[in-house]
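# Structural features, examined
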Amino acid sequence: MRRYLAARLLQALGVVIFVTTFAFVMIHLAPGDPIAAALARPNITDAMRQEWRTAYGLDRPVGEQYVRWVANTARGNLGFSFSHRRPVRDVFADALPNTLLLSGLGLVLSFAIGIVVGVVQAERPGSGRDRWLGRVLLVLYSVPDFWLALVILMVFAYRLPLFPPGGMTDAVMYEYLSPGGKLLDRARHLVLPVMTLAILTAAGVARFQRGALLAVLPSDWMRTALAKGLSWRAAVARHAFRNALLPVITLFGLAVPAFATGAIFVEKVFSWPGMGLVVVNAIAARDYPLVTAGVMLLSVLVAACALLADLAVAAADPRIRLG
Amino acid sequence: MLRFPRLSARRTRSATLCIFATLAFSGCKGLEDTKSAGPADVGGTLVISTPSDAGTLLPPLIAVITDRQVTDLLYDRLADIGDDLNSVGDKGFKPQLAERWEWAADSLSIVFHINPRARWHDGVPVRASDVRFSVNLIKDRALASPALPLVTNIDSVSVRDSVTAVAWFKKRTPAQFYDLVYQVSIVPEHVLGNTPAVQLREAEVGRRGIGSGRFRLAAWQPGTKIELIADTANYRGRAKLDRVIFSIAPDFTAALTRFFAGDADIFEQLKAEHFARFANDTVRRMQRYPTLAYTTLTMNMKDPKSPAQAHPIFGDRAVRRALTMAVDRKAMLRNAFDTAGVPLFGPFPRGVSVADTTLPQIAYDTTKAKALLDSAGWTVGPDGVRIKNGRRLEFTITLPNSSALRKQYAVLLQEAFRKIGVSATPDVSDIATFMSKLAGRAFDMQINNYVTDPDVWGFKQSWSTAGIGKDGSNSGSYSNPLVDAMLDSATTTFDPARTRAYARRAFETLIEDAPGIWLYETAAVMGLDKRIHPAGMRADGYWSHLADWWIPASQRSARDKIGLRPTP
Amino acid sequence: MGAASIGHRSDSSVRGRLVSDGRVRLALGVLGCVALVAIFAPMLAPYDPRLQLDISHLQSQPPSFAHPLGTDTFSRDVLSRLMYGTRVSLTVALVAVFLSATFGTMLGAIAGYVGGAVDAIVMRVVDAAFSIPAILLLIVVIALWGNLSVVTLTLLLAGVGWFTISRLVRAETLAIRDADYVVAARALGASGWRVLTRHVLPNAIGSAVVSATLSVGNIILLEAGLSYLGIGVRPPTPSWGNIIEEGSTRLSDVWWLTLFPGLAILVTVFACNALGEALRDALDPRQLLPAHDDAPIRMNG
């Protein structure tokens, strides 16, 4: 077990280093630099931009900049964001909780819905209900995510102005609301983006859950359980479900990082100030420290989640023994 | 347009009284001579919906428009430019931190008398040493202030006594006074002086915004809002509004949406497509405002592949003129701005004092354009694209993806050129790539936005030979000795009438030479909530008199009633 | 797991299951129509997709008899643009998938068959690639090119599309490598290449085809997403994604710009997914590999 864990950790570390270095090199090779983007006002001269480049060492070779970045990162200094003109750490401290709130709710909701729908489908595979649900799921699974977000925005914020069209809170009045009013305001802003995320992801989860259940249903112990007189639902709940949950755990491990980058499109359409938006904008602004730190944070998350999912599967599945 | 009052001796007294009165009733109107706003009309909240956050609140380091807006409201200058934006001598300038000034006989120094009642927002009095500190800071190379090239004519500032500063200049120039009082906002030495200049770029102290303006910083939540409240004890009188909130949206559309949802009172950059929404709107209206920004399609005079040579297409004046003739600027303006577009008459916005809208133009005429290209040797090839000596008449139009207007124009222009047998491809890239292409002169045509200063210097930067290279913004490398001479004369004469005459000659030549196609004046229509009563808008910033804008007491909404209580 | 059954499946039963499957008929019908539109766009489209009819009077017209899907903000006919956009979007997706499927299958088969260091390296690369969402990877890489052509975009999309297929084919190969008849072929002196092409690949090809069909849909979505962010197919070349992008700032008034291209994407992707599923069901009716071949959570967020 310890050896397995050590090997997995080492592998994860390797992936993180590789991915981060790749992002660092790519973004430095791209045309333009953070100064060109941050000091883009037309009446600032190129000569002044050059002074800033020198001041920040951006005129040094990429290798040297990389070494300096590694040294700083090792000391826990993620650097200073050019586009936000704040420490990278502060930018993340603002954006990450926003993403976690949106994604956390989206994840929980979509897995809850997805698993239930998957189980309902698997109860009578091939029945009318299963096929009908399957088609709906396939349609939802085929919707372009940004388009669904745009359509939901169009319908529920513009045509029927039931919900605010974006943002996390009322931009002006939030701080002056009563505690109850604040909660309500937040909830109202959450509805549309969470709904979009839940619809998009639940479709995938349900399809996966159905497949996973069908794969374990024909097994001997399921047949035994049914023979013992357990109802189908009880048998599923006692035996099959536990086994079918394993691939779903793996899926969860995959989904967490995908959500943590932020559902980029959902954040964009609903103006949600989360990680996805921050990192995408940072790329356009060539904000080297922010991009590199963002990719690093992301790949750590991915590696950690994959590892946790593996361990969770191992813990849940008695057949796997970790050597 | 509302005039800022001169602080004559007679009025100074009433101003003093008023400041005391402010402590007792918040109804004091201060110094303003507005007739329509009654004493009860002080108060209310103005919300500006903007897609860009500020990066710094330190005037020498401002880089984006929101930096400029917020710092203009937080910090005072020695004197404020007049509404006609004259930059020659001190004509029209109104006292701010300096209540009066005297010129030396040789004009190489000016004595400024600081208003003894002026206070920083933390209560410390404003001193002459703050003026010296502000000038030294902007001139400190370690800070690398983008404004540094603008203040090179200021030699130094010395402190005669605590309220008397003497500014020394290297040369006597028409704009020397303007260079100091307009380009240098006065910042507090006691707040910033302890941080080395090299650290100020990243220091937290640069985000505190302690100035001496009529608004003070209440809160700055990055990416969310910047909230200013009236500085009730201000030496120039309390602002009429209680607070001004810059409500920051992640993008243009979101900012626009907030405005139409009623969550904001101002949206600055309306486009034609939004105008129809005002037709039956009882709450909002459109308001034109002057700006100093203009957008042109600039042609590269040099071959981007070998910059020593003339551009194979745009090196030819006849081709440049033909391309200009192919563009129906009126129809494009209508497409982009509906009826509210402001045409360009040359490479200048209407707000500058040297603007001249009577200059003769190259008229839209595709027949003439085709004939001109034919006679220049560019004949129509098999696929409809013109060819000359085996070279196709094709090029790219470079522009940044950040601007919806410019993207719209790129598509319109491409089609206009196609109609005369010219193949143009838009090259849309993010702002960083766009800027690096501009700096490297690696483009054929580019749709560029120029923001000029009120003085003539900006035109020299953008269109004279002196502006070619890294110290200027003449990215098309346009060079014409006549234009150079005229712009030189315009920047050195002390007679505003002659400045205008020289500039006119320069612009006339530029239009005839067609090194660019003059597209439109930028961002000239805002959406405004009807309960807001603006008090004059200057072309260098509609927010220049924001402290005098007001909201009638009878029309207050929920957010107007927050009052002066501090932000939680 | 289940590979043995795939190795011994009968082709006629697969064909039978496919022919009797309603989804297949529906999907093929839809895809056929879309393909016809793409091929005959110049004949079908009522207008030149680039033509600005009248920029100051005919812009942003709602759907009408003259313009069934309305006009865009530049007074161009949306139906014509959508038809030409079909060409671009479909070509990009099909070419990208063909390239990535070929490459992924070869690499997966080689890695699985050869094993050892080759396998370890390939799989670590795939692991690393899986640890960043494709969309983020693409945005970083696309930043390198100022104005990338449709060809480059296709290559890039192909470049991020082969991971799943190679992982899948490798798994299949591993299972088959030690099957009796492969061992027998090797014992009879067949060369490694011959074993790979004659025995291993034909057995892995079924799941590769399923995966490729499903990834056509994914690539269409990815291209649309990139174009929506303004970094995919560049205007004025119409693609489904960038027509939506043009409309996204005009949701409240010019809604037809957003709605119709989105429906086109939805229908096409749905048909690809339906076809892919039907193929999978036909090849592996018991679905012993539950959804192993399509990324259940779209990693492009």
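Residues numbered from 1 in each chain as written. Chains lettered and ligands numbered in written order. Predicted model: local features only at pLDDT ≥ 70, side-chain atom pairs only at ≥ 80, totals over all residues. Heavy atoms only, no water.

Moving on to the overall build of chain C. Per the secondary structure count, chain C includes 13 helices and 0 strands. Moving toward the C terminus, one meets the helices and strands of chain C in the order α-α-α-α-α-α-α-α-α-α-α-α-α. Evaluated residue by residue, chain C yields a buried proportion of 58% over its 301 residues. Within chain C, contacts between residues separated by at least 24 positions form 73% of all contacts whose residues are at least 6 apart in sequence. Element-wise, carbon and sulfur atoms account for 69% of the exposed surface of chain C, whose accessible area totals about 11500 Å². (Helix = DSSP H or I, 4+ residues; strand = E, 2+ residues; numbered from the N terminus. Buried < 20%, exposed > 50% of the residue type's maximum accessible area, 1.4 Å probe, protein only. Contact = heavy atoms within 4.5 Å. Areas by Shrake-Rupley, 256 points an atom, 1.4 Å probe, with all protein chains shown as cover.)

The next thing to look at is the environment of C:S239. Residue and element names in this part refer to chain C. Here S239 shows up in the loop between helix 11 (192–228) and helix 12 (240–248). Since its relative accessible area comes to 0%, S239 is described here as buried. Once the C-alpha coordinates of S239 and T173 are considered, the two residues, 66 residues apart in sequence, prove to be 38 Å apart. Excluding residues that lie within four positions of it along the chain, S239 makes contacts with G85, V88, S89, E223, S227 and V233.

All names here are of chain B. Applying the stated criterion across every chain, the model contains 49 salt bridges over all chains. Here D72 and R68 are joined by a salt bridge, their closest N and O atoms 3.0 Å apart. Placement of the pair is D72 and R68 together in helix 2 (residues 65–74), with a separation of 4 residues, close to one helical turn. Of the two residues, D72 and R68, neither departs from the other in class, the shared state being buried. For R317, the salt bridge is made with D513, and the minimal N-O distance between the two is 2.7 Å. With R317 in helix 9 (residues 317–325) and D513 in helix 16 (residues 496–513), the pair connects residues that are 196 residues apart, well separated along the chain. (Salt bridge = Lys/Arg side-chain N within 4 Å of Asp/Glu carboxyl O.)

At the junction of the two partners, chain A supplies 53 residues and chain C supplies 46 residues. Here chain A meets chain C over a buried area of about 4700 Å², counting both sides, of which 75% is carbon and sulfur. Among the residues chain A hides against chain C, the three largest losses belong to A:Y141, A:W147 and A:F265. Together they make up 14% of the total. The tally of links between chain A and chain C comes to 1 salt bridge. Here C:E277 makes a salt bridge to A:R207, at a shortest N to O gap of 2.3 Å. In this assembly, chain A and chain C are joined by 3 residue pairs in polar contact (both at pLDDT 80 or more). At the level of secondary structure, the elements contributing two or more residues to the side of chain A that touches chain C comprise helix 1 (2–29), helix 6 (128–142), helix 7 (145–159), helix 8 (179–216), helix 10 (232–260), helix 11 (264–269), helix 12 (275–284) and helix 13 (288–316) of chain A. (Buried area = accessible area lost by both parts, 1.4 Å probe. Polar contact = N/O pair within 3.5 Å; in protein donor to acceptor, adjacent residues only side chain to side chain.)

What follows covers the sheet that holds strand 4 (residues 98–103) of chain B. All names here are of chain B. Pairing is antiparallel across the open sheet formed by 4 strands, whose spatial order is 4-5-7-6. Strands at the two margins of the open sheet, each flanked by one partner only, are strand 4 and strand 6 (154–161). Across this sheet, the average inter-strand angle for adjacent strands is 20 degrees, counted without regard to direction. Pairing analysis gives 5 bridges linking strand 4 to strand 5 (residues 109–114), with the strands arranged antiparallel. Along strand 5, the bridge assignment pairs R100 with H113. Packed onto the sheet, helix 3 (residues 128–139) meets strand 5, strand 6 and strand 7 (164–169) and runs at close to 160 degrees relative to strand 6. (Pairing = 2+ DSSP bridges. Axes fitted to C-alpha atoms, helices over the stretch in contact; angles between N-to-C directions.)

Now for the environment of A:A198. All names here are of chain A. Mapping A198 onto the fold places it in helix 8. What makes A198 buried here is its relative accessible area of 5%. Sequence separation between A198 and L109 is 89 residues; the distance between their C-alpha atoms is 6.0 Å. Excluding anything up to four places from it in sequence, A198 contacts G106, L109 and S110.

Below, the discussion takes up the sheet that holds strand 21 (residues 525–529) of chain B. All names here are of chain B. With respect to topology, 7 strands assemble into an open sheet ordered 8-9-10-1-11-21-12, the strand pairing being mixed. Bordering the open sheet on either side are strand 8 (215–221) and strand 12 (284–288), each of which pairs with just one other strand. Here strand 8 runs beside strand 9 (residues 225–230); their pairing, made up of 6 bridges, is antiparallel. Pairing of R216 across the sheet is with I229, part of strand 9. Here helix 2 sits on the sheet and contacts strand 1 (45–50), strand 8, strand 9 and strand 10 (243–248); the angle it forms with strand 9, its principal contact strand, is near 15 degrees.

Residue and element names in this part refer to chain B. By the secondary structure assignment, S375 is in helix 11 (residues 366–375). Taking the relative accessible area as the measure of exposure, S375 reaches 60% and is therefore exposed. Taking the C-alpha atoms as reference points, S375 and A318, separated by 57 residues in sequence, lie 9.0 Å from one another.

The next point concerns the pairing of strand 7 of chain B. Residues and elements named next belong to chain B. Summarising burial for strand 7: 5 of the 6 residues are buried, a large majority. Pairing geometry for strand 5 and strand 7, over 5 bridges, is antiparallel. Pairing of V111 across the sheet is with V166, part of strand 7. Sheet topology places strand 6 next to strand 7; 6 bridges connect them, and they run antiparallel. Across the sheet, residue D161 finds its bridge partner in strand 7, namely T164. Between the antiparallel neighbours strand 6 and strand 7 lie 2 residues.

Residue and element names in this part refer to chain C. On the surface, L36, I39, F40, M43 and L44 cluster together to form a nonpolar patch covering roughly 520 Å² of accessible area. When contributions to the nonpolar patch are tallied by element, the ones reaching two or more residues are helix 3 (22–39) and helix 4 (41–44). Along the chain, L36 turns up in helix 3. (Patch = residues over 30% accessible without salt bridge, like charges linked within 9 Å, V, L, I, M, F, W, Y side chains within 5 Å.)

This part takes up the confidence of the model for chain C. All names here are of chain C. Scored by pLDDT, chain C comes out at a mean of 80, with 88% of its residues at no less than 70. Of all helices and strands in chain C, the one with the weakest mean pLDDT is helix 1 (residues 3–7) (40), whereas helix 5 (residues 78–114) scores best (91). The model gives residues 286–301 a pLDDT under 50, and that stretch makes 58 contacts with residues more than four places away or in other chains. (pLDDT = per-residue confidence, 0-100.)

Okay, the interface of chain A and chain B next. The partner chain B presents 55 residues to the 39 residues of chain A that form the contact. Of the roughly 4000 Å² buried at the junction of chain A and chain B (both faces included), carbon and sulfur atoms supply 58%. Considering only the side of chain A, the residues that lose the most area to chain B are A:R41, A:R85 and A:Y176, jointly responsible for 18% of the buried surface there. In this structure, the salt-bridge partner of A:R286 is B:D430, at a minimum N-O distance of 3.0 Å. Of all the secondary-structure elements, those providing two or more residues to the side of chain A that touches chain B are helix 2 (34–38), helix 3 (46–55) and helix 12 of chain A. With 7 residues, the top contributor of residues to the side of chain A that touches chain B is helix 3 of chain A. Its residues assigned to classes, the side of chain A that touches chain B comprises 22 nonpolar, 5 polar and 12 charged. (Nonpolar A, V, L, I, M, F, W, Y, C, P; charged D, E, K, R; others polar.)

Residues and elements named next belong to chain B. On the basis of relative accessibility, which here comes to 17%, the residue D72 falls in the buried class. Here the side chain of D72 touches W543 through a polar contact of 2.9 Å, side chain to side chain. If we ignore the near neighbours within four places in the chain, the residues touching D72 are R77 and W543.

All names here are of chain B. Considering the arrangement of structural elements, one finds S462 in helix 14 (residues 457–463). At 3.1 Å, the side chain of S462 forms a polar contact with the side chain of S473. Those residues within four positions of S462 in sequence are excluded, and the remaining contacts are Y294, Y450, S473 and N474.

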